[in-house]
Amino acid sequence: MPELLAQQADFAGALRDRERTPAVERWLAGDAALVDRRLAIYRGNMVAAADKALSSAYPVIRQVVGMEFFHGLAREFQRGTPSTSGDLTEFGASFHAFLEAFEHVQAMPWLGDLARLEWAVHRAYGAADAPDWDAAALGTVAPDDQAAIRFQWAPGTALVTSRFPIVRVWTIHQPGYAGEFSVSWECTETALVARRGFVVDVAECAAGDAVFLEASLAGAPLGDAAAAALERHPDFDLAALLGRAVAARLVCGLNP
Amino acid sequence: MSAAEHPLSGTGTGIGLRQPHYREVFERRPELAFLEVHSENFFLEGGASMHALERARAAYPISLHGVGLSLGSADRLADEHLAKLKRLVDRVEPALVSEHLCWGAVGGTHFNDLLPLPHTVQTLELLARRVDHVQSVLKRRILVENLSAYVEFRDSDMTETAFLAELARRTGCGLLLDVNNLYVNAINFGFDPVARLAELDGSAIGEVHLAGHAVVDDCLVDTHGSLVCDPVWALYAETCRRFGPKPTLIEWDTDLPALDVLLSEATRANALASHASEVAHA
């Protein structure tokens, strides 16, 4: 192994596991005690970077569990899932799976779904700006071709389905929320995440709408998506949903 | 609006543009030579952050300061990271693009930190190849910054400043002289920072950074979270006397204070720079 690579591998090992410090001592100036003290600064930076990145992506979970406990979660998550990119906005994509498996948060079984929701919000925040689109194009589609329409949804649009009231939990933890804080835990919710301009909206999505949107977001033609929604939820109202989606500029094109 | 319409003059001070100050900067439009942002915070496709950067570049020259490219990683340079940087550079047309003399990733794990390198011929050859590659991909000169460090490698056989001077000579890259980092290392490793300035070619220096640090036990830690300290101001004055005024950044990342605190640091840097160059040319 070239020397520089060996030095960096040993350095990395010592940062991730203090027991492995002796391997890097041979490369570094100063005695073992000095090297250990100085490496502690880098170890602190490493956890601080994870905490900062996760705090930015998961502000609601941080509020829910408190900043000290969150710091511990960041440390544990990073131990098992270190960053792989110099772009920290990518860090934390699998935080939901970590939370679902981490024994010390099993009393909050909804944290995983809340993490999925916050990750969708995080991605939507930096998604491409939706192109301008004239909804009049929808009126020019011949009736026989309408069932084959595939909608192009605004970048960042996502659904997160949960057997817990994640939209409610998310909403009451937003800055400036002034309502009451009760949560009825006995309900399931599907969250619709969507960018409106530069703001990311999270709204509860009716069950029939969720079936339709899930299919359409995955690229299904309008006819198939609507049939799936109607089959499971006979009260599904396609015209009303499309009216709202077009008004909110969630639809921004028709794919061939 | 492009860099050509917002050229960066040889003098003047800028500040780091951070999210809590966006609104106030856009409303007050303080007199600043440039604004600097961390490149990686703008690797996004769109949205509010990108819109803020568009507004900033319409009003000020922009400096893109990278913290994640890891030029000195022994195993690989992250092409996907460089591709994102290129997309941002093409989009923003910044006045300056800078990276650090450091490594941050090995074996697929990224520490998202600026880790020190041994200053050897082997490292110099690697860095020269990497800087050549980055400059050819970006189709522009980059600046490479000296690091603050808490450990040193036994096999370093040149100083960091001599290493950077040679890197600039070989690749044509510019240097970002972080005066606080130089001071932090001078204390941590016990050397005379003024003697290190003598190893640099002033014409290669494209930017200067000023920042605060913290004292942790026997070590100065580069936190970018406080006022520039007096010895660093003194070293900055010496830098200006020696090399003339350079575009200078007040860098502040943690415990961000009111915008006015940054502006007052910028005013102090401007005054020091013009006084030092008057003295030098008297």
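Everything numeric here is computed off the predicted structure, so don't read it as measured data. (Residues numbered from 1 in each chain as written. Chains lettered and ligands numbered in written order. Predicted model: local features only at pLDDT ≥ 70, side-chain atom pairs only at ≥ 80, totals over all residues.)

1. Points about the overall build of chain A
Within chain A, the secondary structure is distributed over 12 helices and 5 strands. The principal-axis extent of the C-alpha atoms belonging to chain A is close to 80 × 45 × 30 Å. Residue burial in chain A is summarised as follows: out of 256 residues, 38% are buried. Long-range contacts, defined here as pairs at least 24 residues apart, represent 64% of the contacts in chain A between residues at least 6 apart. (Helix = DSSP H or I, 4+ residues; strand = E, 2+ residues; numbered from the N terminus. Buried ≥ 20, exposed ≤ 12 C-beta atoms within 10 Å, placed from the backbone. Contact = placed C-beta atoms within 7 Å.)

2. Structural notes on the environment of A:Ala93
The topology assignment puts A:Ala93 in the loop between helix 5 (67-80) and helix 6 (95-101). For the pair formed by A:Ala93 and A:Ala120, sequence separation is 27 residues and the distance between their alpha carbons is 9.5 Å.

3. Here we look at the interface of chain B and chain A
Taken together, the 42 residues of chain B in the interface contact 37 residues of chain A. Of all the elements in the fold, those that place two or more residues in the side of chain B that touches chain A are helix 2 (48-59), helix 3 (79-92), strand 5 (103-106), strand 6 (109-115), helix 4 (121-138) and strand 11 (219-221) of chain B. With 6 residues, the single largest contributor to the side of chain B that touches chain A is strand 6 of chain B. The residue inventory of the side of chain B that touches chain A, partitioned by class, reads 19 nonpolar, 15 polar and 8 charged. (Nonpolar A, V, L, I, M, F, W, Y, C, P; charged D, E, K, R; others polar.)

4. What about the packing of helix 6 (residues 179-189) of chain B against helix 8 (residues 230-243) of chain B?
Residues and elements named next belong to chain B. Two numbers describe how helix 6 lies on helix 8: the axes approach to 9 Å, and their chain directions differ by 120 degrees. Taken together, the axes of helix 6 and helix 8 lie oblique to each other. As for the relative orientation of helix 6 and helix 8, their crossing is right-handed in sense. Facing helix 6, whose interface residues are Val179, Asn180, Leu182 and Tyr183, helix 8 presents Pro231, Val232, Leu235, Tyr236 and Thr239. (Axes fitted to C-alpha atoms, helices over the stretch in contact; angles between N-to-C directions. Parallel < 35°, antiparallel > 145°, perpendicular 65-115°, else oblique. Left-handed = near helix turned anticlockwise from the far one by under 90°.)

5. Concerning the sheet that holds strand 4 (residues 96-100) of chain B
Sheet strands pair by backbone hydrogen bonding; their relative direction is either parallel or antiparallel. Residues and elements named next belong to chain B. The strand order around the closed barrel formed by 8 strands is 1-2-3-4-7-8-9-12, and the pairing between neighbours is parallel. Taking the axes of each pair of neighbouring strands and ignoring which way they run, one obtains an average angle of 30 degrees across the sheet. Here 3 bridges tie strand 9 (residues 205-210) to strand 12 (residues 248-250), and the two strands are oriented parallel to one another. Residue pairing for strand 12: histidine 209 is matched across the bridge by leucine 249. (Pairing = 2+ DSSP bridges.)

6. Some thoughts on unusual backbone geometry
Residue and element names in this part refer to chain B. Phi at histidine 224 is positive, roughly 50 degrees, even though this residue is not glycine. Counting through the fold element by element, histidine 224 comes out in the loop between strand 11 and helix 8. In this structure, aspartate 255 is a non-glycine residue whose phi angle is positive, near 50 degrees. Residue placement: aspartate 255 occurs in the loop between strand 12 and helix 9 (259-281).

7. Some remarks on the pairing of strand 3 (residues 189-196) of chain A
Residue and element names in this part refer to chain A. The buried fraction of strand 3 is high, at 7 of 8 residues. With 5 bridges joining them, strand 2 (residues 158-162) and strand 3 adopt antiparallel strand pairing. Residue pairing in the sheet places alanine 158 in a bridge with valine 193 of strand 3. With 7 bridges joining them, strand 3 and strand 4 (residues 199-205) adopt antiparallel strand pairing. Note on strand 4: the bridge partner recorded for threonine 190 is cysteine 205. What sits between the antiparallel neighbours strand 3 and strand 4 is a turn of 2 residues, in which glycine 197 has the positive phi angle 65 degrees.

8. Concerning the domain arrangement of chain A
Residue and element names in this part refer to chain A. Segmentation of chain A into domains returns domain 1 (1-94) and domain 2 (109-256). The centre of domain 1, based on its C-alpha atoms, is set 37 Å off from the matching centre of domain 2. At the interface, 8 residues of domain 1 touch 9 residues of domain 2. Among the residues forming the side of domain 1 that touches domain 2, the class breakdown is 6 nonpolar, 2 polar and no charged. (Domains from an automatic or database assignment.)

9. Points about helix 3 of chain B
Residue and element names in this part refer to chain B. Here helix 3 contains 14 residues, and its C-alpha end-to-end distance of 20 Å stays within 8% of the 20 Å for a straight helix at 1.5 Å per residue. Taken residue by residue, helix 3 has His81, Lys84, Leu85, Leu88 and Val92 as its buried positions. Viewed end-on, helix 3 has its buried residues packed into an arc of 100 degrees, placing them on one side of the element. Exposed residues on helix 3 whose side chains face more than 90 degrees from its buried face are Asp79, Glu80, Ala83 and Asp90. On the buried face of helix 3, the contacting elements are helix 2 and strand 3 (62-65). (Expected span 1.5 Å × (residues − 1). Arc of directions from axis to C-beta.)

10. So, the pairing of strand 8 (residues 174-178) of chain B
Residue and element names in this part refer to chain B. With respect to burial, strand 8 is a largely interior element, 4 of its 5 residues being buried. The β-α-β motif built from strand 7 (residues 143-145), the intervening helix 5 (residues 160-171) and the parallel element strand 8 has right-handed crossover chirality. Bridge analysis of strand 8 against strand 9 gives 4 bridges, and the strand direction is parallel. Residue pairing across strands places leucine 176 opposite glutamate 207, the latter belonging to strand 9. (Right-handed = clockwise from strand over helix to strand, strands pointing away.)

11. Concerning the sheet that holds strand 3 of chain A
Residue and element names in this part refer to chain A. Here 3 strands make up an open sheet; going across it, the order is 2-3-4 and the pairing antiparallel. At either margin of the open sheet sits one strand with a lone partner, and together these are strand 2 and strand 4. Across the sheet, the axes of successive neighbouring strands diverge by a mean angle of 25 degrees, strand direction being ignored. Across the sheet, helix 7 (residues 111-125) lies against strand 2, strand 3 and strand 4, angled at about 175 degrees from strand 2, the strand it touches most. The sheet contacts of helix 10 (residues 207-217) involve strand 2, strand 3 and strand 4, and relative to strand 2 the element is tilted by about 135 degrees.

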